[in-house]
Amino acid sequence: MEKSLRRLFDYQKFEGSRALQQVIDNVHTRYAVRELDLNEMMFVAAAGTPETMKKNDCGKC
């Protein structure tokens, strides 16, 4: 799906379709990039392994 949207956005640069531009503007409005505030950051889980865990500590590694 994301790949299809990117192709349409690129196509719009050359075509200039008014209807397609409205769809693109709508998507940009719904998925605007912004910084998270401190309250929102509490709900974000970072991926990775804690530094304190070592290979020998997990028992299966």
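Residues numbered from 1 in each chain as written. Predicted model: local features only at pLDDT ≥ 70, side-chain atom pairs only at ≥ 80, totals over all residues. Heavy atoms only, no water.

Quick word on the overall build of the protein chain
Summing up its helical and strand segments, the protein chain has 3 helices and 0 strands in all. Looking at the protein chain residue by residue over its 61 residues, the buried ones come to 7%. Summed over all atoms, the accessible surface of the protein chain reaches about 6400 Å², with 56% contributed by carbon and sulfur. (Helix = DSSP H or I, 4+ residues; strand = E, 2+ residues; numbered from the N terminus. Buried < 20%, exposed > 50% of the residue type's maximum accessible area, 1.4 Å probe, protein only. Areas by Shrake-Rupley, 256 points an atom, 1.4 Å probe, with all protein chains shown as cover.)

Details of the layout of surface pockets
One number sums up the size of the largest pocket: a volume of about 220 Å³. Forming the walls of the largest pocket are Glu2, Leu5, Arg6, Phe9, Val27, His28, Arg30, Tyr31, Ala32 and Val33. Contributing elements (two or more residues each) for the lining of the largest pocket: helix H1 (2–15) and helix H2 (18–30). The element contributing the most residues to the lining of the largest pocket is H1, with 4 residues. (1 Å grid on protein atoms, 1.4 Å probe; cavity = no way out; pocket = protein on both sides within 12 Å on 5 of 7 lines; lining within 4 Å. Points joined across faces, edges and corners; volume = space filled by probe spheres on them.)

Description of a nonpolar patch on the surface
Residues Leu36, Leu38, Met41 and Val44 make up a contiguous nonpolar surface patch of roughly 400 Å² in combined accessible area. Along the polypeptide, valine 44 turns up in the segment after helix H3 (38–41). (Patch = residues over 30% accessible without salt bridge, like charges linked within 9 Å, V, L, I, M, F, W, Y side chains within 5 Å. Salt bridge = Lys/Arg side-chain N within 4 Å of Asp/Glu carboxyl O.)

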